[in-house]
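An overview of the molecular structure
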Amino acid sequence: MACSPSGSSFVCGIARQTGNAEGRLQMWDMKTMKLQRELPFDPPAVCANCTAFTFNGHLLVSGASDGVIRLFDMQRYDCLMSWQAHSGEVYSVQFSCDETSIFSMGADGKFREWSVHRVGTRLADLPVHEGATGPFVVSGYGGYKQVQAPGGKLFAFDAEGNYVLTCTGNGGIIYKLGDSTLTKTLSLGGHRSPVVSVDWCTAMNCGTCVTGSMDGKIKVSTLLMQ
């Protein structure tokens, strides 16, 4: 699910499990809460797991259960391009801050950067830590085991796009982005179960990182600028 920057609508992926799984990508009006339109999604037997808008709302990127990334023109409501991004489901997608590339995480454990202007061109395979893309597991006494497939935002950038926050088993890890590299900068702890969703807000000369874990706990960390 993603809200349009205009604030007038939102997009969500839905799936129907009657017979063959059928996925749809729908656009809803925020005021009337009525369905505006369905975006073309081919083949229909796949589900949209994640979506993200550009800052002006003209483009929408979607990652799906077939491992394909699709880029939509939200002025013509048409799919501009698509490409195979991961071997397995795409769990999380985002535009870079300059909107020239798309970052994705998938079930194959890969964290990748793709060119927006050159269709399907992979710019980088970023060396993220194991487990950053899920699945997330909690084990206990007597063979207890709980497994959760990714369903939230797996990574988040700071305002300038120089750093990225990711999920770990007990908190978050902040990396500095380089040319096809990630440099571990800071660990955010405080959780007793795997973190499954993160976000990052930069305002008033400080950064606020939010991490949410499998046990329902949310931790807010404030990073002071130096």
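It should be noted that the structure appears before, not after, this text.
Below or above, wherever it landed, is the structure these notes cover.

Conventions and cut-offs
- Residues numbered from 1 in each chain as written.
- Predicted model: local features only at pLDDT ≥ 70, side-chain atom pairs only at ≥ 80, totals over all residues.
- Heavy atoms only, no water.
- Pairing = 2+ DSSP bridges.
- Helix = DSSP H or I, 4+ residues; strand = E, 2+ residues; numbered from the N terminus.
- Axes fitted to C-alpha atoms, helices over the stretch in contact; angles between N-to-C directions.
- Salt bridge = Lys/Arg side-chain N within 4 Å of Asp/Glu carboxyl O.
- Buried < 20%, exposed > 50% of the residue type's maximum accessible area, 1.4 Å probe, protein only.
- Patch = residues over 30% accessible without salt bridge, like charges linked within 9 Å, V, L, I, M, F, W, Y side chains within 5 Å.
- Areas by Shrake-Rupley, 256 points an atom, 1.4 Å probe, with all protein chains shown as cover.

This brings us to the sheet that holds strand β7 (residues 68-73). Pairing between the strands of a sheet is mediated by backbone hydrogen bonds and can be parallel or antiparallel. Reading across the sheet, the 4 strands line up as β5-β6-β7-β8 and stay open at both edges, with antiparallel pairing between neighbours. Sheet topology places β5 (48-53) and β8 (78-84) at the edges, where each strand pairs with a single neighbour. When strand polarity is set aside, the average angle formed by the axes of neighbouring strands in this sheet is 20 degrees. Sheet analysis places strand β6 (residues 59-64) next to β7, joined by 5 bridges and oriented antiparallel. Bridge pairing in β7 places Ser62 opposite Arg70.

Moving on, we get to the sheet that holds strand β15 (residues 155-157). With respect to topology, 4 strands assemble into an open sheet ordered β15-β16-β17-β18, the strand pairing being antiparallel. Each having just a single partner strand, β15 and β18 (182-188) make up the two edges of the open sheet. Averaged over all pairs of adjacent strands, the angle between strand axes in this sheet comes to 25 degrees, irrespective of strand direction. Relative to strand β16 (residues 163-167), β15 runs antiparallel, the two sharing 3 bridges. When the sheet's bridge partners are listed, Phe157 is paired in β16 with Val164.

Right, let's talk about the pattern of salt bridges for a bit. Taken as a whole, this structure holds 7 salt bridges when the rule is applied. A salt bridge links Arg112 to Asp108, with the shortest nitrogen-to-oxygen separation between them at 3.8 Å. What makes Arg112 buried here is its relative accessible area of 11%. For Asp199, the salt bridge identified is with Lys153, shortest N-O distance 2.9 Å. Placement of the pair is Asp199 in strand β19 (residues 195-203) and Lys153 in the loop between β14 (145-148) and β15, with a sequence separation of 46 residues. For Lys153, a relative accessible area of 30% translates into the label partly exposed.

Further remarks concern a nonpolar patch on the surface. Where nonpolar side chains cluster on the molecular surface, the patch consists of Val210, Ile218 and Val220 and spans about 270 Å² of accessible area. For Val210, a relative accessible area of 30% translates into the label partly exposed.

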